[in-house]
Amino acid sequence: MIKVEDPAEGDPARAVPPYAGDIEDRERSLAFMHFNTNKLGVSLDIESEQGRELLFELLADADVFIEDLPPAEAERLGLDYASLEERFPQLIVAAITPFGSTGPQRDYRAEDLNLYMYGGDGFTNPGALAYDTHPDREPVKLPYAAGEAISGTSAALAIAAALLVQPMVGGQFIDLSRQEAHVSVMHRFQMRSYLTGGIYETRPTNKHAYGDCVPCADGYIVVYAAQNHHWKMLVELMGEPEWALDPEFETQAGRAARGDEIQRGMEQWAKDIPGEEIYRAAQRLGAPIGRFLNLDEVSTSEHERARGFFVDGYHPIAGPAEYPIQLFRATEDSPQFRRAAPLHGEHNREVICGRLGRTARQLDVLRQSGVV
Amino acid sequence: MTNDGLPRRPLEGVRIVDFTHVLVGGYCSLMWSSLGAECIKIESSARRDPLRSRSGRAAAQDRTQGQMSVRRARGGLDEFGLNKRSITLNLREPRAIELAKRVVAVSDMVGENFRPGVLERRGLGWEVLREVNPGLVYISMSAGGGFGPDREDAGYASVFAAMSGFSSMWGYEDGPPVLFRLPSDMCAGAMGAFVSIAALVRARRTGKGQHIDLANRETLASYLGDAFLDYSYNGRVPARRGNRHPAWAPHGVYPSAGEHEGGRWITIAVTSDEEWRALVGAMGAPEWAGDPRFEHVEGRLANQDELDARIGEWTADQDCFELMERLQAVGVAATPVGYPEDVAASPQLEARGAWREVPLPNDEGTTRWFSPPWRFSKTPTDILEPAPEMGEANHYVFCELLGMDEDEVEQLSAEGVIA
């Protein structure tokens, strides 16, 4: 995977805090470092003809070209599929854009915030306790760059499928709309409710009659106890308090009708008990109850330690750290930390001399003219 | 296949034995089936996919039981079963296990999202099936993964999302965490589809299959990699950020005019000083916006409370759709908060053919379903077939693929094996 950045500023993610060691430095942005682990990096000015020629030389030997330029920019630079198809018939070209490369809004600008709120389920969040605490506030977006990662996963999935069929049909264009990725992944449930039933949840109604997010002694627990057998477990977990044994609570409808009462009873019960204690006791009973873990608690949890989710990595400037990258375990190809995210232009020599056959002197000339 | 023998869909010719159920597995295999794989769903009348009971009448029942404030969704399997086939096998019957193995032997992939250990106990674990089919890709998806001390955890979406750390990062800076409910299932399912298809690419190249153990918790945690690195490099436990961005301002959701139960809102993200000047121009260059504190991003980031309040005053009496057009015209990223009726009416999605009209079962008319979020130029994906009735493909799979005779299939049905 060869990441191509512009020689002047590089990927805008390099300028996003926080930084490793809290030292503001384009080589220390944690967002850049995480999302570019295991890639090689070259810096190429694709505005220059020479820069584009070098890029084309790289494409001649590539299976996939991924770009996220605005569609009109890609066309202006000759990097759209129509321009690349003839020269690189084996190449899979994946354009990841806010609204796709066609349609009346294809040139609209949108960042992660805009796309999640426009296409995803922003209208339902926050619900439950976070809504009840601040009912007058605005909808709130997914944390950090999660919305971008969701679109990226959909793109990766499509690219893998195109690679599977590539030996038979050659290259092709994948036009991925981030708006559509949000509708497909995040909005789908509410959309189905709307299209087939004419209704959907909004922030005030995005919750169960009781349960969901409940404060405990040291944070919050998450409680799902809709069905009768789950309710029975919850009652046992709470030590069968008298209020919970009300015969009306034996049916789902009876509980739903007095959900607020149940919620207050649960809050009363949970407020002095640590979350870990509740979670462990609940899981012993088989009840779907968990804790809202903070990231330090995830990082140090016995479960993630045992699974090896965090992998030792080393960055030449930022130093060693644990990278959260082993999100599955496979008998052949588990994710590994092979190299840190590239420094800006780190692999120019390796790629432009090593792969494209330029001499060191030619590389110097390219550097001096600002192409590399 | 087309006349020239080339595949029409990316996964055409890929056969998948689909033990998945409910949403994580359902979304994952919906991606497989939309990409053209022959996805054979394994069900039994003794153990139906709960998605089957959510449609039509059962949904009305849900409503009267009133557990969820809104639950009239048609659908589960009407949507998640699109393009799939269905056979019935009662996995409590040893003879059904043998039949399942025979189907696996003529397939490329197995997918499942039972609790860890369930299929192993039935004799359909990886160690058994790899012997049946050495090129097999086998993906298991579960809340916490197939090993580790919490592997047996009861794992509903909101629970594994909270245990992943994701939910604690979501919300207002000064409020409680946000409950991440059903879409977290879709996130994990999409990751499962990606990883399994990638493994299939490798299997095609090398003949070597593999088993993948995917933890839904870890999919969600991986989305927040930069936040985890903040803990790892800086020892800091990151805080919730609301709608704010660490490098850009303004970056928020602002009230706008119009009636809606959930309110009407416009989102604005300004990523440079140049865009800020464009926004100021669109606002008619009010005096407050000329404050030197707002001229550069550092000052805007440092004075966001005031900045957001001022912008909110300006947006509050404007229509969010008109405002989007005005701001987009000057190059500022702005969109409304989109409710389902807005998404359903989007001219952009309409122009891109994002919707497909598909018949519902039992002659109940048609409905629109949303297509996968991509367009392939040579092997377009499409929704072609409505969800299957249970056992719809029994004849095809047992007689045509496995070569059993019809009498035998009928006998096994009567004996509750193919049932």
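Caption draft 1: The nonpolar core, seen in detail. Within the largest apolar cluster, 110 residues are counted, with the highest numbers of intra-cluster contacts made by Ile 174 of chain A together with Leu 11, Trp 32, Phe 166, Tyr 223 and Trp 374 of chain B. Setting aside anything within four residues of it in sequence, one finds Leu 11 of chain B in contact with Ala 161 and Leu 164 of chain A together with Trp 32, Leu 35, Gly 36, Ala 37 and Ile 197 of chain B. Among the nonpolar cores identified, the runner-up in size contains 32 residues, and Ile 42, Ala 100, Phe 114 and Leu 412 of chain B belong to it.

Caption draft 2: Summary view of a positive patch on the surface. Residue and element names in this part refer to chain B. Taken together, the side chains of Arg 47, Arg 92, Arg 121 and Arg 122 define a basic patch exposed on the protein surface. Considering the arrangement of structural elements, one finds Arg 92 in the loop between strand S3 (85-88) and helix H4 (94-105). Here Arg 92 falls in the exposed class, since its relative accessible area comes to 55%.

Caption draft 3: Expanded view of the domain arrangement of chain B. What the domain assignment reports for chain B is domain 1 (15-223 + 351-414) and domain 2 (251-256 + 261-338). Using C-alpha coordinates to define each centre, domain 1 of chain B is positioned 43 Å away from domain 2 of chain B.

Caption draft 4: A look at the interface of chain A and chain B. Taken together, the 155 residues of chain A in the interface contact 158 residues of chain B. Interface area, chain A with chain B, both sides summed: about 13800 Å², of which 63% is carbon and sulfur. Looking only at chain A, the three residues that lose the most surface to chain B are Tyr 144, Leu 164 and Leu 295 of chain A, adding up to 6% of its buried area. Counting across the chain A and chain B interface gives 17 salt bridges. A salt bridge links Lys 208 of chain B to Glu 332 of chain A, with the shortest nitrogen-to-oxygen separation between them at 3.4 Å. At the boundary of chain A with chain B, the tally comes to 65 residue pairs in polar contact (both at pLDDT 80 or more). Element by element, the count of residues in the side of chain A that touches chain B is highest for helix H8 (residues 178-197) of chain A, at 18 residues. Grouping the amino acids of the side of chain A that touches chain B by side-chain chemistry returns 84 nonpolar, 44 polar and 27 charged.

Caption draft 5: Summary view of the domain arrangement of chain A. The assigned domain composition of chain A is domain 1 (2-188 + 310-368) and domain 2 (208-292). Measuring from the centre of the C-alpha atoms in domain 1 of chain A to the corresponding centre in domain 2 of chain A gives 43 Å.

Caption draft 6: Structural context of the packing of helix H5 (residues 112-119) of chain A against H8 of chain A. All names here are of chain A. Direction vectors running N to C along H5 and H8 enclose 50°, while the axes themselves pass 8 Å from each other. The orientation of H5 with respect to H8, classified from their angle, is oblique. Here H5 and H8 pass one another in a crossing that is right-handed. Seen from H5, the contacting residues are Asp 112, Leu 115, Tyr 116, Tyr 118 and Gly 119; seen from H8, they are Arg 178, Gln 179, His 182, Val 183, Met 186 and His 187. Looking at the contact of H5 with H8 residue by residue, the class counts come to five nonpolar, four polar and two charged.

Thresholds, definitions, all that
- Residues numbered from 1 in each chain as written.
- Chains lettered and ligands numbered in written order.
- Predicted model: local features only at pLDDT ≥ 70, side-chain atom pairs only at ≥ 80, totals over all residues.
- Heavy atoms only, no water.
- Core = buried A, V, L, I, M, F, W, Y, C linked by side-chain atoms within 4.5 Å.
- Buried < 20%, exposed > 50% of the residue type's maximum accessible area, 1.4 Å probe, protein only.
- Contact = heavy atoms within 4.5 Å.
- Patch = residues over 30% accessible without salt bridge, like charges linked within 9 Å, V, L, I, M, F, W, Y side chains within 5 Å.
- Areas by Shrake-Rupley, 256 points an atom, 1.4 Å probe, with all protein chains shown as cover.
- Salt bridge = Lys/Arg side-chain N within 4 Å of Asp/Glu carboxyl O.
- Lys, Arg positive; Asp, Glu negative; His and termini not counted.
- Charge placed at Lys NZ, Arg CZ, Asp CG, Glu CD.
- Helix = DSSP H or I, 4+ residues; strand = E, 2+ residues; numbered from the N terminus.
- Domains from an automatic or database assignment.
- Buried area = accessible area lost by both parts, 1.4 Å probe.
- Polar contact = N/O pair within 3.5 Å; in protein donor to acceptor, adjacent residues only side chain to side chain.
- Nonpolar A, V, L, I, M, F, W, Y, C, P; charged D, E, K, R; others polar.
- Axes fitted to C-alpha atoms, helices over the stretch in contact; angles between N-to-C directions.
- Parallel < 35°, antiparallel > 145°, perpendicular 65-115°, else oblique.
- Left-handed = near helix turned anticlockwise from the far one by under 90°.

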